[in-house]
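Examination of the molecular architecture
Each chain, written out:
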Amino acid sequence: MASSTGSLTEELQCYICLDVYTDPVSTPCGHNFCKMCLKKCWDNSHDYSCPICKESFKQKPKLKVNTTIREVVDHYKKKNHLEMPVVLCDICTETKQKKAAENQAEELIKELEQEITELERRNTELEQFSHTEDHLHLLQIYPSLCSPLDTKIWAGICINTCVSVETLRRALTQLQKTLDEKLSQTVDVTLDPDTAHPELILSEDGKKVRHGNIKQYCPDSHKRFDKYMIVLGNEGFSSGRFYFEVQVKGKTQWSLGVARESINRKGTLNLCPESGNWTLWQSNAKEYKACESSPVSLTLNVKLQKVGVFVDYEEGLVSFYDVESRSHIYSFTGQSFTDKLYPLLSPWTNGAGKNSAPLIISPVNYNE
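One structure accompanies this document, and this report is about it. Computed from a predicted structure; not experimentally measured. All residue numbers refer to position in the chain's written sequence, counted from 1. pLDDT decides what is reported in this predicted model: residues at 70 or higher carry local features, side-chain atom pairs at 80 or more are listed and counted, and totals for whole chains, interfaces and linings draw on all residues regardless. Computation of side-chain values covers all heavy atoms of the structure but excludes hydrogens and water.

Quick notes on the nonpolar core
For the record, the criterion: Within this scheme, the nonpolar core is defined by two criteria: the residues are buried Ala, Val, Leu, Ile, Met, Phe, Trp, Tyr or Cys, and they are joined through side-chain atoms within 4.5 Å. Three exposure classes are used, based on accessible area relative to the maximum for each residue type with a 1.4 Å probe and protein chains only: buried under 20%, partly exposed in between, and exposed over 50%. Contacts are assigned to residue pairs that have any heavy atoms within 4.5 Å of one another.
Trp254, Leu280, Val318 and Phe320 are the most contacted members of the largest nonpolar core, which totals 36 residues. Filtering out sequence-adjacent residues up to four positions away, Phe320 remains in contact with Leu256, Gly257, Trp278, Thr279, Leu280, Val307, Gly308, Val309, His328, Ile329, Tyr330 and Phe332. Among the nonpolar cores identified, the runner-up in size contains 16 residues, and Tyr21, Cys34, Trp42 and Cys50 belong to it.

Next comes the structure, spelled out in C-alpha cells:
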C-alpha cells in the first residue's frame, strides 16, 4: 500500500488501514474501503457488515472497484510524486540550518564555559583573600580581581549546565562587598584652608592645591603652616583603615602622605616619622624618595601619575601605591600612632612655572 502523508484528506483514506486507497471499493451503504482491507475484514467475520456504520448484508456484496475514486487517488499520487523533489530540497536546507545552529551552539557553550572557569577562579581567590591579614598584598591584587570581565549577555540562551553563571556572579559581587569593608574605608578627602601656607591656593571644592607665588592675606591660626608649602586634610583618623588617591601628573616636585595632629606647623620641620609625618617625595622631576630619618631612594620604572595612600592605624602601617600600574611603591611599617592622622599634601613652589600643576585629590575607582 502507498505511504500516507500529512496532506491526505479523509476522503482519500481507508477507514481500516488509514492509508491512501488501493483499489477502492464501495459497500451498498455507500462507504469506501481498500478492496483487500474489506475482504480480509469479512474473511475473519461470521457476517457481512460495514466496518463504519455496522449495517449488515444478508449476502456477501460483490465488490467492484470504484473507478471515480481510483482516478482521484491516482491523480493525487501523481501530484504528490512531483512535489517530492521540492520536499527533499526543503529537508536538505533544514538539515544544513540545523547543523549551522549546532555549530553556533557549540561555540556559545565554549565561550560560556570559559566565562564560568574565570568566574570560578576569581571566586576561589577572593574567598582566600577575604581571610588574609596581608593587607598590602590584598590592596595590590584587589583591583585586578574585581575588574569587569569581557562577558556576553546570555539572556535568552538556554544551555544545560550544572553551574549557574548568575549564581557565581552574585557570589562574586557579595565577596567584593565583603572585601570592600575588610580592605579599607575609602575616604573623601577635602583640604583644610585653615592649615594651608599663605602662598598656597586651594580650589573651591577643596580638592586641588597649587603654589601661587604671592603670599596671600590669611587669618593667623595655630593650625596654619608658616614656613613650608603644606596643607592638611579636613578630617583626621584615630582608628581603622583609610585610603585616598592624589594625582601628581605634570609636577616636578611634591610631597604627600599623612601627618599626626601634633606636627610642628611653625618654623622648621623635617619630613620623617620622628617629626610626625610619613611621606613620599619627588624632586628634580624624576627622583623619588621615602622620607625616613635617612631618606630612601626609590627606583621606579615609570613616572608617577597618581599615588594611592593606605593607612592601617592599629597595624602602624602607611603604604604608597602607583595607581596607574597597580604596584606597591613603599611602606612605613611598625609605627606607633597615638594622635589623629591627617592627609598631608605639599605641591612645593612652582619652580618658575615648571611645577605649577596642582596636586589633585582623585575619586577612587577600583575598576580603573
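Let's talk about a nonpolar patch on the surface
This is how the line gets drawn: Each patch is assembled from residues with relative accessible area greater than 30% and no salt bridge, linking like charges that lie within 9 Å and nonpolar side chains (Val, Leu, Ile, Met, Phe, Trp, Tyr) that lie within 5 Å. Each accessible area value is a Shrake-Rupley result obtained with a 1.4 Å probe; residue values ignore everything except the protein chains displayed when judging cover. Here a salt bridge means any side-chain nitrogen of Lys or Arg lying within 4 Å of a carboxyl oxygen belonging to Asp or Glu. Strands here mean DSSP runs of E at least two residues long; helices mean DSSP runs of H or I at least four residues long; both are numbered from the N terminus.
Taken together, the side chains of Tyr15, Ile16 and Ile52 make up a nonpolar region of the molecular surface, amounting to roughly 260 Å² of accessible area. Mapped onto the fold, Ile52 is located in the loop between β3 (48-49) and β4 (56-57).

Description of unusual backbone geometry
If you check the backbone angles, Arg326 has positive phi at about 55° while not being a glycine. Its location among the elements puts Arg326 in the loop between β15 (317-322) and β16 (327-332). You can call Arg326 partly exposed: its relative accessible area is 29%. Non-glycine residue Ala352 carries a positive phi angle of around 55°. One can find Ala352 in the loop between β17 (341-346) and β18 (359-362).

Side note on the pairing of strand β9 (residues 241-247)
We apply this condition: At least two DSSP bridges between two strands are required for those strands to pair.
Burial of β9 is extensive: five of the seven residues sit out of reach of the surface. Bridge count for strand β5 (residues 185-186) against β9 is two bridges, and the pairing is parallel. Each residue of the ladder has a partner; that of Thr186, found in β9, is Tyr243. Here β9 runs beside β18; their pairing, made up of three bridges, is antiparallel. Note that in β18 the partner of Val246 across the bridge is Ile361.

What about the pattern of salt bridges?
Enumeration over the complete set of coordinates arrives at four salt bridges. The salt bridge involving Lys39 is made with Asp43; its shortest N-O contact spans 3.1 Å. Pair noted here: Lys39 and Asp43 are both in helix α1 (residues 35-43), with a separation of four residues, about one helical turn. Using a relative accessible area of 38% as the deciding quantity, one classes Lys39 as partly exposed.

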